[in-house]
Structures are given as structure tokens and as C-alpha cells.
Amino acid sequence: MRVLVVEDEPYLAEAIRDGLRLEAIAADIAGDGDTALELLSVNAYDIAVLDRGIPGPGPSGDEIAERIVASRSGIPILMLTAADRIDDKATGFELGADDYVTKPFELRELVLRLRALNRRRAHSRPPVREIAGLRLDSFRREVYRDGRYVALTRKQFAVLEVLVASEGGVISAEELLERAWDGNADPFTNAVRITVSALRKRLGEPRIIATIPGVGYRIDIGQEAADRG
């Protein structure tokens with residue numbers, strides 16, 4: 001999952017970003033409305049977390065919400081606000097907010113709400129994916145291979161989740177870096193290669209993650225057919 005956090009308080013924004021990363025949720029920060037709209041125009045986000053009271057100059061949190069709704073991108077919006085009055089929440093929902101968190105809040109609550117929004121957005125997809133002997137449960141954060149439980153780190157799980165969702169399609173290293181890390185990741189880092197290598201070891205033999213030279217990685221769905229016949 002990749003989220004955009006629009007928050008003008010630097011320490012709070014960084015605390016949210018760092019906390020989400022520990023939960024394998026990639027997060028980019030925008031400290032003002034203009035930066036938020038720029039990031040939304042160039043990146044694909046699963047959820048936008050908007051500080052409703054972000055000051056000008058530039059678009060406010062409400063205006064960013066209106067732009068997101070008008071774009072018909074389908075990105076869920078979670079609003080952050082210091083106000084706890086029902087009228088404030090009502091107007092936020094009328095603007096297009098999908099959920100609301102009042103400051104101060106516990107990071108754990110934010111994580112739970114983000115995951116709930118992400119599940120709701122992906123309601124048409126099965127909550128448990130099975131491919132080539134792999135069983136990946138995004139809700140329980142569990143992976144099994146041929147019935148054997150596989151313990152993964154958060155980052156390994158995030159990478160495998162992207163690969164499994166592609167259903168055998170090739171995912172480039174750049175796309176893995178974008179979807180499993182965030183905008184601060186170094187595009188020249190070896191993080192993807194190292195993580196995929198460690199993931200292969202955790203999943204065991206025969207290898208199920210294939211490398212397509214010069215292109216990227218994919219789940220080898222042909223392996224399942226070969227094993228069965």
C-alpha cells in the first residue's frame with residue numbers, strides 16, 4: 001500500500017511516515033497543497049491522508065479533497081483534523097472524505113483505518129490470493145507455500161504481495177521500488193534485488209520468483225503446472 005500524507009507540521013508528518021513504514025505502508029509527505037497536487041499527478045496512491053486545516057498559500061485540505069473527487073481516480077480520502085464537532089465531520093464527508101481521524105490520535109488507529117479503507121477499495125478482489133502453490137492472506141499478513149507457513153519480514157511481504165497481485169505478469173524493479181517502498185527510495189539502490197533474493201530463500205525450492213533479464217520479476221505460474229504434471 002502506498003499513501004500520500006498531506007500534513008504541514010513537519011514533525012508530525014515525519015512521525016506518521018516513519019510509523020507507517022514500520023507497518024510496511026509506503027508513505028510520501030506533502031507539506032502544502034501545491035506539493036500534494038503535484039505528487040498526486042505523478043504517482044499512483046492507494047489512499048490520501050489529508051490534514052483538513054493545512055494553511056495557504058495554495059490549496060487547502062478541503063480543496064485537495066475536491067480535486068481528488070473531481071479526478072474520479074477513486075482514491076479513498078482519510079481526513080485529519082483538530083476539530084471533533086459533528087458539523088465539521090459532516091462537511092468533511094460531504095466533500096468526499098471516506099474516513100476521519102481527530103488529532104491527537106494513536107498511530108495504531110490510523111494504520112487500522114488505512115487498512116480498512118484499502119480492503120474496502122479492493123473489495124472486488126479476493127482477500128486471499130492463491131497462485132502456483134502460494135497462499136497470501138493480506139488481512140492476516142500470512143503466507144503459505146504448499147501448506148507450509150512462511151515467515152516474512154514486512155518488506156518481503158510487501159514485495160511478494162505486489163508480485164502475487166500481478167498474477168504472473170512481469171513487474172520491473174522500478175515498479176517494485178515504487179509500490180513497496182516510497183518516493184524517498186533511491187532509484188539506484190540494490191534494495192529490490194536484495195529483498196527478492198532473501199524472499200526466494202524464505203520461500204524455498206524450487207524457486208518460484210523468476211527473473212526476466214533486463215525486465216523485472218514475476219511469479220512463475222508455469223512451475224505449478226510442471227510440478228503437477
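Looking at an unreviewed UniProt entry, one finds the protein named Two-component system response regulator VanR and attributed to Catenuloplanes atrovinosus.

**Points about the overall build of the protein**
Of regular secondary structure, the protein possesses 9 helices and 11 strands. Sorting the 229 residues of the protein into buried and exposed places 45% on the buried side. For the protein, restricting intrachain contacts to residue pairs at least 6 apart in sequence, the fraction spanning at least 24 positions comes to 58%.

**Things to note about the UniProt feature "modified residue: 4-aspartylphosphate" (unreviewed entry) in the protein**
Here, UniProt's "modified residue: 4-aspartylphosphate" (unreviewed entry) annotation points to Asp51. Mapped onto the secondary structure, Asp51 falls in strand 3 (residues 47-51). Engagement of the side chain of Asp51 in a polar contact is seen with the backbone nitrogen of Gly53, the distance being 3.0 Å.

**Regarding the sheet that holds strand 7 (residues 134-137)**
An order of 6-7-8-9 is seen for the 4 strands of this open sheet, with the pairing classed as antiparallel. For this open sheet the edge positions go to strand 6 (128-131) and strand 9 (148-149), each flanked by a neighbour on one side alone. Direction of pairing for strand 7 relative to strand 8 (residues 142-145): antiparallel, over a ladder of 4 bridges. What sits directly across from Leu134, in strand 8, is Arg145. Sheet strands touched by helix 6 (residues 154-165): strand 6, strand 7 and strand 8. Its angle to strand 7, the strand with the most contacts, is close to 115°.

**Observations regarding the layout of surface pockets**
Put simply, the second largest pocket is a space of about 160 Å³. Along its surface, the second largest pocket is lined by Glu23, Arg115, Arg141, Glu142, Val143, Tyr149, Val150, Leu152, Thr153, Arg154 and Phe157. For the lining of the second largest pocket, the secondary-structure elements that each account for two or more residues are strand 8 and helix 6. Looking at the lining of the second largest pocket, its residues break down into 5 nonpolar, 1 polar and 5 charged.

Parameters and conventions
- Residues numbered from 1 in each chain as written.
- Predicted model: local features only at pLDDT ≥ 70, side-chain atom pairs only at ≥ 80, totals over all residues.
- Heavy atoms only, no water.
- Helix = DSSP H or I, 4+ residues; strand = E, 2+ residues; numbered from the N terminus.
- Buried < 20%, exposed > 50% of the residue type's maximum accessible area, 1.4 Å probe, protein only.
- Contact = heavy atoms within 4.5 Å.
- UniProt positions renumbered as here; feature names shortened; annotations may be inferred.
- Polar contact = N/O pair within 3.5 Å; in protein donor to acceptor, adjacent residues only side chain to side chain.
- Pairing = 2+ DSSP bridges.
- Axes fitted to C-alpha atoms, helices over the stretch in contact; angles between N-to-C directions.
- 1 Å grid on protein atoms, 1.4 Å probe; cavity = no way out; pocket = protein on both sides within 12 Å on 5 of 7 lines; lining within 4 Å.
- Points joined across faces, edges and corners; volume = space filled by probe spheres on them.
- Nonpolar A, V, L, I, M, F, W, Y, C, P; charged D, E, K, R; others polar.

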